[in-house]
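# Residue-level structure breakdown
Spelled out from the first residue to the last, the chains are:
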There are 2 protein chains.
Amino acid sequence: MDLNREALREIIKEDSRIVFETIEPRFLSDNLGRLKGRADVLVFPVSQIEVSGILKYAHENRIPVTPRGAGTNLVGSTVPEEGGIILDLSRMNRILELDRETFTATVEPGVLLKDFQAFVEGEGFFYPPDPGEKESTLGGNISTNAGGMRAVKYGVTRDYVRGLEIVLADGTVLQVGSKNVKDASGLSLKNLIIGSEGTLAVITKCILKLIPKPEVSFSVLVPFKSLNVGIRNVLTILQANVNPTAVEFVERKVVSLGEEFMGIKYPRPDAGSYILLTFDGRKEEVEASAAQARKLVMEHGAMDFLLLEDKNLSDGIWKVRGALVRAVEAVSEQEPVDIVVPINQSDSFIDYINQLEQDSNMQMVSFGHAGDGNVHLCVVRGDRDEETWHRELKENMKKIYAKAYALGGLTSGEHGIGISKRPYFLHETPKENIMVMNQIKKALDPQGILNNGKSYITANHT
Amino acid sequence: MDLNREALREIIKEDSRIVFETIEPRFLSDNLGRLKGRADVLVFPVSQIEVSGILKYAHENRIPVTPRGAGTNLVGSTVPEEGGIILDLSRMNRILELDRETFTATVEPGVLLKDFQAFVEGEGFFYPPDPGEKESTLGGNISTNAGGMRAVKYGVTRDYVRGLEIVLADGTVLQVGSKNVKDASGLSLKNLIIGSEGTLAVITKCILKLIPKPEVSFSVLVPFKSLNVGIRNVLTILQANVNPTAVEFVERKVVSLGEEFMGIKYPRPDAGSYILLTFDGRKEEVEASAAQARKLVMEHGAMDFLLLEDKNLSDGIWKVRGALVRAVEAVSEQEPVDIVVPINQSDSFIDYINQLEQDSNMQMVSFGHAGDGNVHLCVVRGDRDEETWHRELKENMKKIYAKAYALGGLTSGEHGIGISKRPYFLHETPKENIMVMNQIKKALDPQGILNNGKSYITANHT
């Protein structure tokens, strides 16, 4: 590879936005910081023209390009394994338009989720996708088809992307999708790009769908005596016609970790597990739904149905829920897993994990988006030395993914595959599917420069 | 092309499911019957194995294959232009599973929409996609990403496809998607296939998402003095937080055509236009929504707000709405158009059509799914001779599509492109987008056997 500094300086106009020497370590990794890549240059484009210029140059010279947003991913998606160019989109962070008539906002990919949510809510609108990591970029959310808490009612990021401006590996700029609600006009390139983890194109503009801000929103905490009674109630709630926004399930032992970490206490510490529900919408509607849900769970073994009307208590309970991964990490290194299984298999999967935890003597903290079968799991290192940790982790991960697939599940519900989950994903996915994905990769990025070695990519096309 | 009858007989086991001579004309066309193709053989596979066998044979021998369901499309998608094999999926019409716990049904592609809707509603579930043509197959609905009346609230077919079994052009069988709610595991091949009009693969199984059946559902007819006041109220309703299921707009002069055809009368014949609304959901919710909608439209110039509590009246009004195309066709040949524009451009587009109707002296009957900007338009032949009709139609169609694209619209909201809309689609779509679509086609169907000459396909890869 022959990287020409002058050529790059002609594309990226300001010297302050191009770094050849001493690239900060955080740009070479993901949010966990364990995997470290290497790169020859880090650039911060501020326009589609600059992105296109960089890619055209990289394509012509077969130079690997690793796109990144805020780098909050947990699976190594932003680790530049092959050197080359890091394309950091974080400075393309303008909200370009709020179109009240079509219920859309047009933004650059580097806008942070938290900034966007605050902006649209301030204008009376609502952007439903709500991944736990609010410091992530919208471009990153789209690239992993991020999910989050509110997916039970509202769906995932894919459902809120109306259109994208993308730059292909050779620098070609495309508009895919549009402000139109319906589309039966040719192949849906937009949907191919969503969730492709930066392997097919670089996103430079996003048209996002908004909805009117719900009139009211409130949460409910439902304690249960045991783990099993709790998780079986998840299905009871989902089968009723009560349309909850969020359905989170968490064991008492996991809550305790979070309580200690945050210094906030859950009510009913005598419970074995909790379901945390949110309802939002019109007042009449959600009150009727909550009343129906209350009746149902009380008939099915709930200890209580605690309407979290006190804002401090409600915020505190969600804060503990949001801090579970950090609570685990404060104690020990851990491997995050975001397996998804069909919603009626969550209990079998969690039963299996609890059994494996005992058998393997490795702590496994499971919780997560029970309402859509997306189980988050922290596999905890504890006091294992490096070699034992890696060996035992790998053994257990293999078992965990095999079980998930046996239950009809998938490697990732919302984090993506990246580098860390790639071996398991490739092992469990039929080779025909992987082959087709690689054929598409080859068609769109014949030189194989975009985020190689990530996700489904097995062939090195360079 | 060298079609070996014995080879085909070995794949399709029953002689009654393979037709070499005298293929009925309806298998060589679409629902309109104007375009006529030719074919060497018509087969009715009943299993994925047979479909795979046929495609493998066709791939190896470079024989064109035209897949079809019920053939209800309006754009020539099922017209076999290049001869070869017609692959009719209509006998793969079993409902295989209703999974109450995951809210999914698994079906073969030939199941008719009306049969499926009746089945799931009988079981307390609801399949929201509701295209006007209920005799269409579910496989066909998926292949065109069909929309319909209820898309305003519930979205389109794409939003209800959890997984597919597909057979690629070379006979390879893939499972894409699954019963899982979330998926961030590799490229979304499922979403690439949805809406691809049979150009990339043949669907042999569908896992569809269901929702609980809404508690109540009712319609409202809102008459307005003029066309313009009516259509501007569509946006007023959409911007309010009243969550209607359907928002249809129709001019009085168009209703009159339907009334005459069906022998059913609309109330308030003194109106210049109507909005037809549906609300569904929990009783408390929809009553509150309807009350709010009533207040809004009455403040914005509605003549009345007629709650259609009488089932006969409600059914009659929807029947007239559903019969508009047939009402037009009973009088004269017509060209159906299903342009989609951003929801705030419907009025500009309809204004333009009305102006063009006057300028061109060609009757244009517009109505449609105003709630999602999907304008249905019948361009009427009248007493023009063949040559004049084709020439003037082409001239006007060019203008209509140019206007739609100038307003940010697209060729098709739900019918697809097929043969009939292909010249306009190719003309209006950036060549870079078409090129990428063709690259994907080439990657998945290198011999170019699947539904060639349709939609985006410009290169003949055979």
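Note that the coordinates shown come from a computational prediction; the quantities given were computed from them, not determined experimentally. (Residues numbered from 1 in each chain as written. Chains lettered and ligands numbered in written order. Predicted model: local features only at pLDDT ≥ 70, side-chain atom pairs only at ≥ 80, totals over all residues. Heavy atoms only, no water.)

Another point: the interface of chain A and chain B. When the parts of a complex come together, some accessible area is lost, and that lost area is often taken as the interface size. Listed per partner, the contact involves 79 residues of chain A and 80 residues of chain B. Contact between chain A and chain B buries roughly 6000 Å² in total, counting both sides, with carbon and sulfur atoms accounting for 60%. The largest share of the area that chain A buries against chain B comes from Lys182(A), Leu187(A) and Arg282(A), three residues that together contribute 15% of it. In this assembly, chain A and chain B are joined by 4 salt bridges. For Lys182(B), the salt bridge identified is with Glu414(A), shortest N-O distance 2.8 Å. The interface formed by chain A and chain B contains 32 residue pairs in polar contact (both at pLDDT 80 or more). Looking at the side of chain A that touches chain B, the elements that each hand over two or more residues are strand E9 (173–177), helix H6 (189–193), helix H7 (227–239), helix H9 (283–299) and helix H15 (431–444) of chain A. Of the residues forming the side of chain A that touches chain B, the biggest block, 8 residues, is contributed by H15(A). (Contact = heavy atoms within 4.5 Å. Buried area = accessible area lost by both parts, 1.4 Å probe. Salt bridge = Lys/Arg side-chain N within 4 Å of Asp/Glu carboxyl O. Polar contact = N/O pair within 3.5 Å; in protein donor to acceptor, adjacent residues only side chain to side chain. Helix = DSSP H or I, 4+ residues; strand = E, 2+ residues; numbered from the N terminus.)

Moving on, we come to the nonpolar core. The tendency in soluble globular proteins is for nonpolar side chains to be buried as a group. Membership of the largest hydrophobic core comes to 89 residues, with the highest contact counts inside it found for Phe116(A), Leu164(A), Ile440(A), Phe116(B), Leu164(B) and Ile440(B). When residues in this core are grouped by element, the largest group, 6 residues, is from H15(A). Once you skip the residues sitting within four places of it in the chain, Phe116(B) turns out to touch Ile95(B), Ala105(B), Val107(B), Val111(B), Tyr127(B), Leu138(B), Leu208(B) and Leu210(B). (Core = buried A, V, L, I, M, F, W, Y, C linked by side-chain atoms within 4.5 Å. Buried < 20%, exposed > 50% of the residue type's maximum accessible area, 1.4 Å probe, protein only.)

In this structure, Phe103(A) takes a positive phi of about 55 degrees despite not being glycine. In this structure, Phe103(A) sits in the loop between strand E5 (95–99) and strand E6 (104–107). Since its relative accessible area comes to 10%, Phe103(A) is described here as buried. In this structure, Asn361(B) is a non-glycine residue whose phi angle is positive, near 60 degrees. In this fold, Asn361(B) is placed in the loop between helix H12 (346–360) and strand E17 (364–369). We classify Asn361(B) as exposed; its relative accessible area is 64%.

Tracing the backbone shows Thr102(A) in the loop between E5 and E6. Judged by its relative accessible area of 4%, Thr102(A) is buried. Within the structure, Thr102(A) has its side chain in polar contact with the side chain of Asp99(A) (distance 2.9 Å). A polar side-chain atom of Thr102(A) sits 2.8 Å from a polar atom in the side chain of Thr104(A). When near neighbours in sequence (up to four residues on either side) are disregarded, Thr102(A) contacts Lys179(A), Pro342(B), Ile343(B) and Asn344(B).

On to the relation of the copies chain A and chain B. These two copies of the chain differ by a rotation about an axis and a displacement along the same axis. Mapping chain A onto chain B calls for a rotation angle of 180 degrees and an axial translation of 0.0 Å; the resulting RMSD is 0.0 Å. On the angle and the small slide along the axis, the relation comes out as a two-fold axis. If distances are taken from each C-alpha of chain A to the rotation axis, the shortest is found for Glu285(A), at 2.4 Å. A high fraction, 99%, of the interface residues of chain A reappear at the interface in chain B, so the copies pair face to face through one surface. (Least-squares fit on C-alpha atoms with pLDDT ≥ 70 in both.)

This part is about the sheet that holds strand E8 (residues 161–168) of chain A. Overall, antiparallel pairing links the 5 strands, which are arranged E5-E6-E10-E8-E9 (chain A) in an open sheet. Of all strands in the sheet, those with a lone pairing partner are E5 and E9 of chain A, marking the two edges. Within this sheet the neighbouring strands show an average axis-to-axis angle of 15 degrees, counted without direction. Here E5(A) runs beside E6(A); their pairing, made up of 4 bridges, is antiparallel. The residue bridging Asp99(A) from the neighbouring strand is Thr104(A), located in E6(A). Each of E8, E9 and strand E10 (201–209) of chain A is contacted by helix H2 (residues 48–61) of chain A, which is oriented at about 45 degrees to E8(A), the strand it contacts most. Its contacts with the sheet put helix H15 (residues 431–444) of chain B on E8 and E9 of chain A, and the angle it makes with E9(A) is roughly 80 degrees. (Pairing = 2+ DSSP bridges. Axes fitted to C-alpha atoms, helices over the stretch in contact; angles between N-to-C directions.)

Right, let's talk about the domain arrangement of chain A for a bit. Residues and elements named next belong to chain A. Partitioning chain A into structural domains gives domain 1 (5–90), domain 2 (95–212), domain 3 (216–324) and domain 4 (332–417). Of note, the centres of domain 3 and domain 4, computed from C-alpha atoms alone, are 23 Å apart. Counting residues at the interface gives 17 residues for domain 3, matched by 17 residues for domain 4. Carbon and sulfur atoms make up 59% of the surface buried where domain 3 meets domain 4, a total of about 1300 Å² over both sides. (Domains from an automatic or database assignment.)

Attention now goes to the packing of aromatic side chains. Centre distance and the angle of the planes are the two values used to describe a pair of aromatic rings. Residue and element names in this part refer to chain A. Under the criterion given, the structure shown has 16 aromatic pairs over all chains. With a centroid separation of 5.5 Å and 80 degrees between ring planes, the pair formed by Phe103 and Phe125 is classed as edge-to-face. Pair noted here: Phe103 is in the loop between E5 and E6 and Phe125 is in strand E7 (residues 125–126), with a separation of 22 residues, a long-range link. Judged on exposure class, the residue Phe103 and its partner Phe125 are both buried. Members of the aromatic cluster, each reached through a chain of ring pairs, are Phe116, Tyr127 and Tyr160. Of note, Arg91 hangs over the ring of Phe44, and the distance from its end group to the ring centre comes to 4.0 Å. (Phe/Tyr/Trp six-rings, centres within 6.5 Å; stacked < 30°, edge-to-face > 60°. Lys NZ or Arg CZ within 6 Å of the ring centre and 35° of its normal.)

On to the pairing of strand E4 (residues 85–88) of chain A. All names here are of chain A. Alternating residues of E4 divide into Ile85 and Leu87 and Ile86 and Asp88, and every residue in both groups is buried. Pairing between strand E2 (residues 41–43) and E4: 3 bridges, direction parallel. Each bridged residue has a counterpart across the sheet, and for Val41 the counterpart in E4 is Ile85. With 4 bridges joining them, strand E3 (residues 65–68) and E4 adopt parallel strand pairing. Paired with Thr66 across the bridge in E4 is Ile86.

Attention shifts here to helix H10 (residues 311–322) of chain B. Residues and elements named next belong to chain B. Relative to the 16 Å expected for 12 residues at 1.5 Å per residue, H10 spans 16 Å between its end C-alpha atoms, a close match to the ideal helical length. Turning to H10, its buried residues number three or more, namely Ser314, Gly316, Ile317, Trp318, Val320 and Arg321. The opening residue of H10 is Asp310, an N-cap whose side-chain oxygen sits 3.2 Å from the backbone nitrogen of Asn312. (Expected span 1.5 Å × (residues − 1).)

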